[in-house]
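As a plain string of letters, each chain reads:
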Amino acid sequence: MSFVITTPLYYVNDKPHLGSTYTTLACDALARFHRLEGEKVIFITGVDEHGQKIQRKAESLHTNPQQHCDQITRSYIDQWKSWHITYDRFVRTTSKNHQNLVNQFFSRVKSSNDIYIGHQTGWYCVGCEEYKDVEEDKDIEEDNKPFCTIHQKQLEWRDEENLFFRLSKYQSHIEDLIADNDFILPTSRANEIRNFVQTGLKDFSISRVNLSWGIPVPGFKGHTFYVWFDALLGYLTAILDDGYEIDIERLNQLEWPASIHVIGKDIIRFHAVYWPAMLISAGLEVPKQLFGHGFLTSEGRKMGKSLGNVLDPTQLLKTYGNEPIRWFLLSDIQFGNDGDFQQRRFIDLVNNDLANTIGNMLNRSVSMSRKWFNNSVPSFNYSLSDNSILATKSLDSIEIVRTNLRYLRFHEASSSIVNLAKYANVFINEQEPWKKIKDQSQTKEVAMIIYEVLETARIIGVMLTPLVPNLSSKILTQLSCESDYKEWQTKLQWGLLKQGSILPKPEPLITKIETGIHNEK
Ligand code: MSP
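## Here we look at helix H4 (residues 96–111)
- The end-to-end C-alpha distance of H4, which contains 16 residues, comes to 23 Å, matching closely the 22 Å that a straight helix rising 1.5 Å per residue would cover.
- For H4, the complete set of buried residues consists of His-98, Leu-101, Val-102, Gln-104, Phe-105, Phe-106 and Val-109.

## Observations concerning unusual backbone geometry
- Residues Leu-185 and Pro-186 are joined by a peptide bond in cis, for which omega reads -15°.
- Assignment of secondary structure puts Pro-186 in the loop between strand E9 (184–185) and helix H7 (187–198).
- Following Trp-256, the chain continues to Pro-257 via a peptide bond in cis, the omega torsion being 15°.
- Structurally, Pro-257 can be placed in the loop between helix H9 (234–240) and strand E13 (260–264).
- Residues other than glycine seldom take positive phi values, yet His-84 does so here, at roughly 60°.
- Here His-84 is to be found in the loop between helix H3 (65–82) and strand E3 (89–92).
- Of the residues examined, His-84 reaches a relative accessible area of 42% and is grouped as partly exposed.

## Quick word on the nonpolar core
- The biggest cluster of nonpolar side chains holds 167 residues, and the ones touching the most others in it are Phe-105, Phe-165, Leu-236, Val-273, Leu-329, Ile-358 and Phe-410.
- Here this core takes 13 residues from helix H17 (residues 443–463), the largest share from any one element.
- Residue-level mapping places this core at the junction of two domains, with at least three residues from each of domain 1 (3–294) and domain 2 (343–478).
- Apart from the residues within four sequence positions on either side, Leu-329 is in contact with Leu-18, Tyr-22, Leu-25, Leu-296 and Phe-341.

## Describing the sheet that holds strand E10 (residues 204–205)
- Overall, antiparallel pairing links the four strands, which are arranged E5-E4-E8-E10 in an open sheet. Whereas interior strands pair on both sides, the edge strands pair on one side only; in this sheet they are strand E5 (130–132) and E10.
- Pairing of strand E8 (residues 156–165) with E10, which is carried by two bridges, proceeds in the antiparallel orientation. Across the sheet, Phe-165 pairs through a bridge with Phe-204, a residue of E10.
- Across the face of the sheet, helix H10 (residues 268–281) comes into contact with E5, E8 and E10 while running at roughly 30° to E8.

## Looking at the sheet that holds E3
- The strand order across the open sheet formed by six strands is E3-E2-E1-E13-E14-E9, and the pairing between neighbours is parallel. At either margin of the open sheet sits one strand with a lone partner, and together these are E3 and E9.
- Bridge count for E9 against strand E14 (residues 290–293) is two bridges, and the pairing is parallel. The residue of E14 that forms the bridge with Leu-185 is Phe-291.

## Considerations on the packing of aromatic side chains
- All chains considered together, the criterion is met by 27 aromatic pairs.
- Aromatic pair Tyr-10 and Tyr-76: ring centres 5.5 Å apart, planes at 5°, arrangement stacked. In this pair, Tyr-10 sits in strand E1 (residues 3–11) while Tyr-76 sits in helix H3, placing the two residues 66 residues apart along the sequence.
- Taking relative accessible area as the criterion, Tyr-76 reaches 3% and is therefore assigned buried.

## Considerations on the domain arrangement of the chain
- Partitioning the chain into structural domains gives domain 1 (3–294) and domain 2 (343–478).
- Summarising the inter-unit geometry, the C-alpha centres of domain 1 and domain 2 are found 44 Å apart.
- Carbon and sulfur atoms make up 69% of the surface buried where domain 1 meets domain 2, a total of about 1100 Å² over both sides.
- Between Glu-37 and Arg-402 there is a salt bridge; the shortest N-O distance is 2.8 Å.
- The interface formed by domain 1 and domain 2 includes two residue pairs in polar contact (both at pLDDT 80 or more).
- For the side of domain 1 that touches domain 2, the secondary-structure elements that each account for two or more residues are helix H1 (18–36) and E13.
- By residue number, the principal contributor to the side of domain 1 that touches domain 2 is H1, which donates seven residues.
- Here the residues of the side of domain 1 that touches domain 2 are counted per class, giving nine nonpolar, two polar and three charged.

## Comments concerning the pattern of salt bridges
- One pass over the full model with this rule turns up 23 salt bridges.
- The salt bridge involving Glu-49 is made with Arg-92; its shortest N-O contact spans 2.7 Å. With Glu-49 in the loop between strand E2 (41–48) and helix H2 (52–60) and Arg-92 in strand E3, the pair connects residues that are 43 residues apart, well separated along the chain.
- Among the residues examined, Glu-49 registers a relative accessible area of 0% and is labelled buried.
- The partly exposed category is assigned to Arg-92, whose relative accessible area is 23%.
- Linking Glu-432 and Lys-435 is a salt bridge whose minimum nitrogen-to-oxygen distance equals 3.2 Å.
- The class for Glu-432 is partly exposed, based on a relative accessible area of 28%.
- Linked through salt bridges whose partners overlap, the residues forming this network are Asp-28, Arg-32 and Arg-326.

## A few points about the site of the ligand
- As a structural note, the neighbourhood of the ligand is formed by 20 residues, with Leu-9, Asp-48, Gly-264, Asp-266 and Leu-296 the closest of them.
- Between Leu-9 and the ligand, the recorded distance is 2.8 Å, taken from a backbone N or O atom to a nitrogen atom.
- Within the backbone of Leu-296, one N or O atom sits 2.8 Å away from a nitrogen atom of the ligand.
- When the ligand is considered free in solution it has 670 Å² of accessible area, and contact with the protein chains removes 91% of it.
- Looking at the shell around the ligand, the elements that each hand over two or more residues are E1, helix H8 (227–232) and E13.
- Classifying every residue of the shell around the ligand gives 12 nonpolar, six polar and two charged.

## Considering the packing of helix H12 (residues 322–332) against helix H13 (residues 343–372)
- Running from amino to carboxyl end, H12 crosses H13 at an angle of 95°, the nearest separation of the two axes being 10 Å. Relative to H13, the element H12 lies roughly perpendicular. Here Pro-324, Ile-325, Trp-327, Phe-328, Ser-331 and Asp-332 of H12 lie close against H13, whose contacting residues are Arg-345, Phe-346, Leu-349, Val-350, Asp-353 and Leu-354.

## Thoughts on the confidence of the model for the chain
- Mean pLDDT over the chain stands at 93; residues scoring 70 or higher make up 96%.
- Long-range and interchain partners of residues 516–521, a stretch whose pLDDT sits below 50, account for 23 contacts in this model, where long-range means more than four residues apart.

## As for the environment of Phe-196
- By the secondary structure assignment, Phe-196 is in helix H7.
- Placed 73 residues apart in sequence, Phe-196 and Arg-269 show a C-alpha to C-alpha distance of 8.5 Å.
- Here Phe-196 is in contact with Leu-201, Arg-269 and Val-273, once residues within four sequence places are set aside.

About the cut-offs
- Residues numbered from 1 in each chain as written.
- Predicted model: local features only at pLDDT ≥ 70, side-chain atom pairs only at ≥ 80, totals over all residues.
- Heavy atoms only, no water.
- Helix = DSSP H or I, 4+ residues; strand = E, 2+ residues; numbered from the N terminus.
- Expected span 1.5 Å × (residues − 1).
- Buried < 20%, exposed > 50% of the residue type's maximum accessible area, 1.4 Å probe, protein only.
- Core = buried A, V, L, I, M, F, W, Y, C linked by side-chain atoms within 4.5 Å.
- Domains from an automatic or database assignment.
- Contact = heavy atoms within 4.5 Å.
- Pairing = 2+ DSSP bridges.
- Axes fitted to C-alpha atoms, helices over the stretch in contact; angles between N-to-C directions.
- Phe/Tyr/Trp six-rings, centres within 6.5 Å; stacked < 30°, edge-to-face > 60°.
- Buried area = accessible area lost by both parts, 1.4 Å probe.
- Salt bridge = Lys/Arg side-chain N within 4 Å of Asp/Glu carboxyl O.
- Polar contact = N/O pair within 3.5 Å; in protein donor to acceptor, adjacent residues only side chain to side chain.
- Nonpolar A, V, L, I, M, F, W, Y, C, P; charged D, E, K, R; others polar.
- Near = heavy atom within 4 Å.
- Areas by Shrake-Rupley, 256 points an atom, 1.4 Å probe, with all protein chains shown as cover.
- Parallel < 35°, antiparallel > 145°, perpendicular 65-115°, else oblique.
- pLDDT = per-residue confidence, 0-100.

Here's what the structure looks like:
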């Protein structure tokens, strides 16, 4: 069975921003981790191309929606390429395959007697593509129009005939599903959803009239599918998109359900409630897990075009390079919580963790080894103990890192790696090999000290692979170790660094960032 990871399917109203880059980078780290654990991974990403928001955007640009979608989709593909995202499938909801799947899915849900015609009235947010529950005092602006707190835009009143999905029928199914503590992570998000479900599920409309930019609902002239109904099905299209016919019956033999949907906190309700109910109605399995991550702000403020503080991932990549940004986003922020991108903090973190702690440890140990042991890793003819202090610390860290990565605790995994490097630096300082080397009778002991620190650096290099892959391979190259491998179990053992192997001249792992202008070496 494969491990199936999905990112949200991003709206193509605009090119990728740092929020979508953040989710995608985290999914990439998770996908790389599972591959290293020896699992077959299907990593799915893609774009959500229908709906009013996209139609209006295209109109405002005086272009047709398909052209607009093609252009923005291209920028997503280019963006993921520049960040070295290792996705396996990229789904577009305007594809023929997807339209085909949506029709097949609808026919199943209809056969379950879960579709009826009803009347929808209410306040709609085009930004969220969602009807909003309006709380009288909280959401009403001065001029008496309610607004969306996420998009800071006025809601629009809608009164139309729509097709409805019988969500209410699935109340107890959903209650059972979310009672499982592993279904929604982190726990705070699970509680949010439990509170929402407790208030009683209401049927929701799955079609729109007077909206041409969508998939036509078969048998219901003038109706197009509601963008969320259409978009969630993109995950199934991606699974079926294996070169064979798009046939929903085949899903039973393929890699469905998803192992994990990684999403932002604002769209959990769709994934935790609507989506499982739709799947049950269609006789399909529900996803195994959801992870709702927090939002990124910039210098303490919500990112917004009017505030002029939107962080452009392309610009950040150009200024600082891939690995520093990846490291900051994954290591500084606890993935479930909101996080703030502060330039000062970013620079300090990258300089401290990558340049001073890990880089320095590597650099000084390689330099000492080259100087005292003939440009090589020291060799000694007695057996190596894995009870030594650095061996014990390294093996503990391996366990901590693997467990935390499994639960998307990138911050905790990164901290454990940095702490190990700090520990190794203290170990060198305390051992003072530069004093011991002056006494010939202590050469063997120095060989052992240096070997252990180099071996710790190798383990750190391997453990960094899913988080900062390029940096990891730089470390391993400096230690004359191969960095191109599929599984890491065999590499995460103490004592594998080859004694006597030649060490190349050390280079700084990363150039310290001085004033915000930085070149990754
Ligand atoms: N199209 C829907 C998802 C459909 S999935 C079948 C959608 N798209 S989106 O482009 O608006 O948002 C995609 C993801 O980006 C969401 O998970 C959202 O939470 C996330 N983010 C948007 N802004 C963000 C930040 N500032 N920070 C972190 N993530 C943010 O919703």
